[in-house]
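Overview (structure and organization)
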Amino acid sequence: MPYIRPGSRSPEALKADKQKYLAFFLAQEKYGIKLELVKEIIRPLFITSIPGAAQDVLGVMNLRGHVIPVANLRIKFGMPEHPFTDDTRIIIVDSDDGGMGFNVDRVDDMVFLSSGEIDETPNFDVAIIRDYIQGIGKIDLRSLIILEVEKILASYDLPGKEVAGNGAIPSIP
Amino acid sequence: MNNNKFISVLKTMQLDKDRTLLEIRDFLKLNKDELTENPAVQPVAAALSGYIKELIRVPKEKRMLNKELIEVCIAAFQKAFVSETEASLNLSVNNNNEEDENKSQTFEDSPVFSPDTVDPEILTEFINESLEHLEMIESQLVELESDPDNREVINAVFRAFHSTKGTASIFGFENIKNLAHSAEMLLDRVRQGEFQLTEELADIALLSADTLKLMITKLKDLSPQSISFLPGNYQQLMDCLSSPEKYISLKQSLSQEDTSEASEIKHAAKTTNADDLAGLKGANPYADEKDQFAVTDNSRLYQSIRVSVDKMEDLLNTVGELIITYGMLEANEYILSNKDRTLTSTANQMGKISRQLQKISLSLRMVPLKNTFVKMERAARDLMRRSGKTVQLQISGENTNIDRNLVEKINDPLMHLIRNAIDHGIEPPEERHRGGKPEQGYIRLHATHSADKIIIEIQDDGRGLNLDKIREQAEARHLISNAQELSESDITQYIFSPGFSTADKVTEISGRGVGLDVVKRNLESIQGSIEVRSNPGAGCVFTIRLPLTLAIIDGLLFKVGQHEFIIPAIHVRHIFHPKTEQVSTVNLKGEMIFFQNNWLPIFRLHKLLDISEAIKEPTEALVLIFNYGNKMCALMIDALVSKQQVVIKSLGKLRQQPGFAGAAILGDGHIRLILDAAHLLRLAFQQVEIQSQVRIC
């Protein structure tokens, strides 16, 4: 039974104020995304490649009967490619159109951060990735690069003739 | 607008209300035939019509009230309407006397529905559909209360009433139709900004939806009484709907006084002579009614349940996984080499059951369009009878399989289009005769499974679309400017805008131009599309395209390099190893193949998709003679793997990926991409064009 100082808030209450992030590694750097957007984390499955797709799109995989596109964040962020290892995991992120998977080198942990613990991205020259960074979090003196999943997902929306999303109802002008 | 309403509008006419003026104009137009027949009314109607037109033309501040004319008109119309009502009352009494007219008690028109002739399945469909619409209304109205200015929601409620009206009218359920119509009118007035959607109005609308629900549920009895069933509050509700102003002002004055007596009156205003009306809002009496229905549940009705798409998808996915897992079990060495007969036969049995399960779960979703088309046939017959036109409805491709979920969604749109074709498209017999057409109109309903879509065409040989009128309307609604140059096909697409109508005559069968926007929206909600081609004087064709997303196709699995793809078998005319003499080149670049006395261009799929390590020599490769529309060409592939039925799935986030229509999960648990035939061909021909341009330079 942990001792809780009278008047202080329980660890649960403290955590409630904070946002949960899933931390993972990409080329020794620690990244994080909002946990609420993560549907599941799986070991790599067979991926069918798609000719003509963006370079970082690995292809599609069969996740229990669902076709899920998978993209390689290393390639997307211009990092050197790396073969899949035993630690490689695919993080499935939820989206309106069925979700998408991203492979990461290793999944680390769940992290609690309040908005105060997230700094703005310093202005350095990381053109490729900068658009997708929400801020830099700090845990135990290590930085956690927090990614904006929504923006990453949106970057895969191709302009097409049938723009309407799955069942999305366009508004009447 | 009914006659009484018309008179009340005339009495309270305000010159600065364009809406009222338009209403009067429309009423006159609509009832032109009857008005001109009556010598007592004809001159006043003409004068009034001229006066109103004049009024609409001049700006609000310059309008002059011609009190004398209006008074003369009111007097004349009142007189005429009274005698008319008497006549129609006599008529309906007469009808009641005839025993074989068991379906009477309708207000106007002769009823087309009788319990003996109606198909229980169609009726069930109608009941379910309408109840769905009504439930939707309920939830939307509740939403409106928190966000009263949300036009989107107002439109949705409006459309739901409209659809209910439309189908009820086909069956000849006059009472339901009239109520839905009045409710629709109320919403239309809200939509036009005549009133704000206050809580009171929302109440009336909700009450209308509830009452409609009650009436429609009652239809399940399949008895003549159920058709003529009128809830006690019906007439009162109709009054409320036709003159909500009165109702609101009554409520407002009451709430201002706010005495207990007033609130009693307020209550009474809502519920006078309608005990069951209270029940509609409260729980009990309505529940009693429901129980009653449960008891009288008629075995003639088609039994079905509705299952959500998600659940269906889940089932299908899970069964698919089962099959794959079973495949792995079957391939397991231990099981293959085991000597235990019971284990082997159990495993085989399990395999059979799994496949059976898959078959069933797939068939749960796939249905031929036949039922839908038969329904259309029936509806067309009824419509014909009412419109006095004879039309031949030809149906083809009714065995095209379509996802059950899609079928449900295309019912309404198809019904609308058929209705439109008969009502507006096909001319009256005399006009057809003058135009040198056979008196019998012709409508063709055709379905095919083409390219990556299911295509349904509704073609009529009527008058076609009036482009000038569409343009005029589009300009009047500021959808396009006067100067804007538009192609004919661009202009025709405006008929799908909300509230658009070029029909002079508003009939009860098809309404005031809300139809096509509903159609379009319904189709878009299932990722479908609709377009129209019109040939003035010779008719028009509506083409509906539905996605394959939910459909199953026969696919050819083939190899190019390391990749395996699926192409819909329907596009492939022929597959063969070309002989050396069959292949030749033009200008050392464009390759051609001789097939059935034609030289067709060859496209190397590995080049189109940029795949290395493919077979480069045509005589070692395989060519698919590929068919799309009226074009043909040869696609070069490495080898054919198999032919199989596949369930098409969306590529999700990557669904716009050029060249691919979707994906399928095969028996090995891996995904194969399905080639987008149409797109591929476009790419291919573009390439030819570029090449030929290069050559010209």
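Treat the numbers as computed from the prediction; the structure is a model and nothing was measured.

Focus on the overall build of chain A
Along its length, chain A carries four helices and twelve strands. Every one of the 173 residues in chain A was classed for burial, and the buried ones make up 43%. Across chain A, the fraction of contacts at a sequence separation of at least 24, relative to all contacts at a separation of at least 6, is 54%.

With respect to the side chain of Ser130(B)
Counting through the fold element by element, Ser130(B) comes out in helix α6 (residues 120–146). Residues contacting Ser130(B), with those up to four places away along its chain left out, are Thr164(B) and Ile216(B).

Overview of unusual backbone geometry
Residues and elements named next belong to chain B. The backbone of Asp610 sits at a positive phi, close to 60°, despite the residue not being glycine. For Asp610, the location among the structural elements is in the loop between α25 (605–608) and β14 (622–628). A positive phi is found at Glu613, a non-glycine position, where the angle reads about 65°. Relative to the helices and strands, Glu613 is located in the loop between α25 and β14.

Structural notes on the sheet that holds strand β10 (residues 118–119) of chain A
All names here are of chain A. If you walk across this open sheet you meet the six strands as β9-β1-β2-β12-β11-β10, and the pairing is mixed. Either end of the sheet is taken by a strand with one partner, and the two such strands are β9 (106–113) and β10. Sheet topology note: the strand β1 (residues 19–26)/strand β2 (residues 29–34) ladder contains six bridges and is antiparallel. Within β2, the position partnered with Phe25 by the bridge is Lys30.

Points about the pairing of strand β12 (residues 590–595) of chain B
Residues and elements named next belong to chain B. Burial along β12 is one-sided: Glu591, Ile593 and Phe595 are buried, while Gly590, Met592 and Phe594, pointing the other way, are not. Bridge analysis of strand β11 (residues 583–586) against β12 gives four bridges, and the strand direction is antiparallel. Residue pairing across strands places Thr585 opposite Glu591, the latter belonging to β12. Pairing geometry for β12 and strand β13 (residues 598–604), over four bridges, is antiparallel. The partner of Phe594 across the bridge, within β13, is Trp599. The antiparallel pairing of β12 with β13 creates a hairpin that spans two residues between the two strands, and Gln596 there sits at a positive phi of about 45°.

Examining the sheet that holds strand β3 (residues 38–42) of chain A
Sheets are built from strands that pair by backbone hydrogen bonding, the pairs being arranged parallel or antiparallel. Residue and element names in this part refer to chain A. Pairing is mixed across the open sheet formed by six strands, whose spatial order is β3-β7-β8-β6-β5-β4. In the strand order of this sheet, the two ends are held by β3 and β4 (47–48), each with one partner. Of the strand pairs in this sheet, β4 and strand β5 (residues 57–63) are connected by two bridges, and their pairing is antiparallel. Paired with Ile47 across the strands is Met61, a residue of β5.

Details of the packing of aromatic side chains
Residues and elements named next belong to chain A. Counted under the stated rule, the structure contains nine aromatic pairs over all chains. Ring geometry for Phe24 versus Tyr31: centroids 6.2 Å apart, planes at 15°, classification stacked. For Phe24, a relative accessible area of 1% corresponds to the buried category. Classification of Tyr31 as buried rests on a relative accessible area of 1%. An angle of 25° between the planes, with centres 6.1 Å apart, marks the rings of Tyr31 and Phe77 as stacked. Within this pair, whereas Tyr31 is found in strand β2, its partner Phe77 is found in the loop between α2 (73–76) and β7 (89–93), the two being separated by 46 residues in sequence. Taken together, the aromatic side chains of Phe24, Tyr31, Phe77 and Tyr132 make up a single cluster linked through ring pairs. The ring of Tyr156 carries Lys76 above its face, with NZ or CZ at 4.4 Å from the centroid.

Observations concerning the pattern of salt bridges
A side chain of one charge can pair with a side chain of the opposite charge if their charged atoms are brought near each other. All chains considered together, the criterion is met by 20 salt bridges over all chains. A salt bridge links Glu475(B) to Arg471(B), with the shortest nitrogen-to-oxygen separation between them at 2.8 Å. You can see Glu475(B) and its partner Arg471(B) sitting in helix α22 (residues 467–476), four residues apart, about one turn around the helix. One continuous salt-bridge network, built from bridges that share partners, spans Asp97(A), Asp157(A), Lys653(B) and Arg655(B).

Quick word on helix α4 (residues 42–57) of chain B
Residue and element names in this part refer to chain B. The first and last C-alpha atoms of α4 sit 23 Å apart over 16 residues, in line with the 22 Å expected at 1.5 Å per residue. For α4, every residue scored as buried is listed here: Val44, Ala45, Leu48, Tyr51, Ile52 and Leu55. Across the axial projection of α4, the buried residues extend over an arc of 130°, all falling on one side.

Side note on the pairing of strand β8 (residues 100–104) of chain A
Residues and elements named next belong to chain A. With five of five residues buried, β8 lies mostly within the body of the structure. The side-chain alternation of β8 yields two buried faces, one formed by Met100, Phe102 and Val104 and the other by Gly101 and Asn103. For strand β6 (residues 66–72) and β8, the ladder comprises three bridges, and the chain directions are parallel. Directly across from Val70, in β8, lies its bridge partner Gly101.

A short note on a nonpolar patch on the surface
Together, Leu322(B), Leu329(B), Met350(B) and Leu357(B) line one region of the surface with nonpolar side chains, adding up to about 290 Å² of accessible area. On the secondary structure map, Leu329(B) appears in helix α16 (residues 309–331).

Description of the environment of Ala205(B)
Residues and elements named next belong to chain B. Inspection of the secondary structure assignment puts Ala205 in helix α9 (residues 199–218). With relative accessibility at 1%, the residue Ala205 sits in the buried group. As for Ala205 and Ile137, which are separated by 68 residues in sequence, their C-alpha atoms are 8.6 Å apart.

A look at the packing of α9(B) against helix α11 (residues 234–242) of chain B
All names here are of chain B. Interaxial distance between α9 and α11 falls to 11 Å at its minimum, and their mutual angle equals 145°. For the crossing formed where α9 meets α11, the hand is left-handed. Packed against α9, whose contacting residues are Ile204, Leu207, Ser208, Thr211 and Met215, the element α11 presents Tyr234, Leu237, Cys240 and Leu241 at the interface.

Brief notes about the packing of helix α2 (residues 18–30) of chain B against α4(B)
All names here are of chain B. Their axes nearest at 10 Å, the elements α2 and α4 cross at an angle of 145°. The two elements α2 and α4 meet at a crossing, and its hand is left-handed. Along its contact with α2, which presents Leu21, Leu22, Ile24, Arg25 and Leu28, the element α4 presents Ala45, Leu48, Ser49, Ile52, Leu55 and Ile56.

Procedures and definitions
Residues numbered from 1 in each chain as written. Chains lettered and ligands numbered in written order. Predicted model: local features only at pLDDT ≥ 70, side-chain atom pairs only at ≥ 80, totals over all residues. Heavy atoms only, no water. Helix = DSSP H or I, 4+ residues; strand = E, 2+ residues; numbered from the N terminus. Buried < 20%, exposed > 50% of the residue type's maximum accessible area, 1.4 Å probe, protein only. Contact = heavy atoms within 4.5 Å. Pairing = 2+ DSSP bridges. Phe/Tyr/Trp six-rings, centres within 6.5 Å; stacked < 30°, edge-to-face > 60°. Lys NZ or Arg CZ within 6 Å of the ring centre and 35° of its normal. Salt bridge = Lys/Arg side-chain N within 4 Å of Asp/Glu carboxyl O. Expected span 1.5 Å × (residues − 1). Arc of directions from axis to C-beta. Patch = residues over 30% accessible without salt bridge, like charges linked within 9 Å, V, L, I, M, F, W, Y side chains within 5 Å. Areas by Shrake-Rupley, 256 points an atom, 1.4 Å probe, with all protein chains shown as cover. Axes fitted to C-alpha atoms, helices over the stretch in contact; angles between N-to-C directions. Left-handed = near helix turned anticlockwise from the far one by under 90°.

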